[in-house]
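# Tertiary structure, described
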Amino acid sequence: MSNTATVFIVDDDEAVRNSLSFLMQSVGLQTESFESASHFLDASPAGRAGCLLLDIRMPGMSGLELQGELEERDIQLPVIFISGHADVPMAVRALKSGAFDFIEKPFNDQLLLDCVQRAIESDRQQRASGAQLDEWRDRLATLTPREREVMELVVEGAANKVISSTLGVSLKTVEAHRARVMEKLKADSLSHLVRMNVLLHSLQGEG
């Protein structure tokens, strides 16, 4: 799957779609346009990088309804709503529901481009963070049950002697397990190991 950032444009007005596409492409951004929310969903956007420029009022599925559907499908694409003055209360509601931003019509081109670039960067960082967590999970899966026990005690701050007594193994065995844990997880320090463990546990808690 391509990691190239794409600006997805969903608006029922063809002239608006064309105008937005031209603006994005003028600064080298890749775009894909859709006349309705359903057409956008049919294009299988899950997992694709970029951001979504979304008209808040559309026939059929509205922008707000599409935002809800993306959340249901766990599609983590930053959403920038384009709204008219009368739609501002709706746009504020969208922000509270997790939208990245909203731009009011008529909009300033540079303001919109800056917002899109921030959204794309936010998406990139989120994906990089997710990839890092996946990598840590894979490393964690290589630990034996005993190594997991040692790791859990290490990150709780237990000294090797305490771990030895708790697990009923020799100090040399603890030291060997601890060294293998650091090696398998590619942790270069105790603080690195603790940070990895905290992030993985918080992620599991959210799941």
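The notes below deal with the structure included here. Quick caveat, the model's predicted, so the values are computed rather than measured.

### What about the pairing of strand S4 (residues 79-83)?
- Most of S4 sits inside the fold, with 5 of its 5 residues counted as buried.
- Summarising the sheet, strand S3 (residues 50-55) and S4 pair through 4 bridges and their orientation is parallel. Opposite Leu-53, over in S4, you have Ile-80 as the bridge partner.
- Since S3 and S4 lie parallel, the crossover through helix H3 (residues 63-72) that links them has a hand, and here it is right-handed.
- Relative to strand S5 (residues 101-104), S4 runs parallel, the two sharing 4 bridges. When the bridges of S5 are listed, Phe-81 appears paired with Phe-102.
- Once the chain exits S4 it traverses helix H4 (residues 88-96) before rejoining the sheet at S5, and the crossover so formed is right-handed.

### Structural notes on the packing of aromatic side chains
- Counting across every chain of the model gives 2 aromatic pairs.
- Ring geometry for Phe-8 versus Phe-40: centroids 5.6 Å apart, planes at 65 degrees, classification edge-to-face. Residue Phe-8 is found in strand S1 (residues 6-10), and its partner Phe-40 is found in helix H2 (residues 37-42); the two are separated by 32 residues along the sequence.
- Judged by relative accessible area, which is 0%, Phe-40 ranks as buried.

### A short note on the pairing of strand S2 (residues 30-34)
- As defined by bridge partners, S1 adjoins S2 across 5 bridges and the pair is classed as parallel. Note on S2: the bridge partner recorded for Val-7 is Thr-31.
- Crossover connection from S1 via helix H1 (residues 14-25) to parallel S2: handedness right-handed.

### Concerning the packing of helix H7 (residues 160-167) against helix H8 (residues 171-185)
- Put simply, H7 and H8 touch, their axes get as near as 9 Å, and they point 110 degrees apart. Taken together, the axis directions place H7 and H8 in an arrangement best described as roughly perpendicular. Where H7 abuts H8, its residues Asn-160, Lys-161, Ile-163 and Ser-164 lie against Leu-171, Val-174, Glu-175 and Arg-178.
- The residue makeup of the contact of H7 with H8, split by class, is 3 nonpolar, 2 polar and 3 charged.

### A look at the sheet that holds S5
- Sheet architecture is open: 5 strands sit in the order S2-S1-S3-S4-S5, paired in parallel fashion. Only two strands of the sheet have a single partner each, and these edge strands are S2 and S5. Adjacent strand axes in the sheet meet at a mean angle of 20 degrees, parallel and antiparallel pairs treated alike.
- Here H1 sits on the sheet and contacts S1, S2, S3 and S4; the angle it forms with S2, its principal contact strand, is near 170 degrees.
- Most of the contacts of H3 go to S3, to which it runs at about 145 degrees, and overall it touches S3 and S4.

### Some thoughts on the state of the cysteines
- A full pass over the atoms with the stated rule returns 0 disulfides.
- The closest cysteine sulfur to the non-disulfide-bonded Cys-115 is located on Cys-51, 7.8 Å from its own sulfur.

### Section: the packing of helix H6 (residues 145-155) against H7
- Two elements in contact, H6 and H7, have axes separated by 10 Å at closest approach and are oriented at 135 degrees. One finds that H6 runs oblique with respect to H7. As for how H6 packs across H7, the hand of that crossing is right-handed. Two secondary-structure elements touch here, H6 through Arg-146, Glu-149, Val-150, Leu-153 and Val-154 and H7 through Ile-163, Thr-166 and Leu-167.

Rules used throughout
- Residues numbered from 1 in each chain as written.
- Predicted model: local features only at pLDDT ≥ 70, side-chain atom pairs only at ≥ 80, totals over all residues.
- Heavy atoms only, no water.
- Buried < 20%, exposed > 50% of the residue type's maximum accessible area, 1.4 Å probe, protein only.
- Helix = DSSP H or I, 4+ residues; strand = E, 2+ residues; numbered from the N terminus.
- Pairing = 2+ DSSP bridges.
- Right-handed = clockwise from strand over helix to strand, strands pointing away.
- Phe/Tyr/Trp six-rings, centres within 6.5 Å; stacked < 30°, edge-to-face > 60°.
- Axes fitted to C-alpha atoms, helices over the stretch in contact; angles between N-to-C directions.
- Parallel < 35°, antiparallel > 145°, perpendicular 65-115°, else oblique.
- Contact = heavy atoms within 4.5 Å.
- Nonpolar A, V, L, I, M, F, W, Y, C, P; charged D, E, K, R; others polar.
- Disulfide = S-S within 2.5 Å.
- Left-handed = near helix turned anticlockwise from the far one by under 90°.

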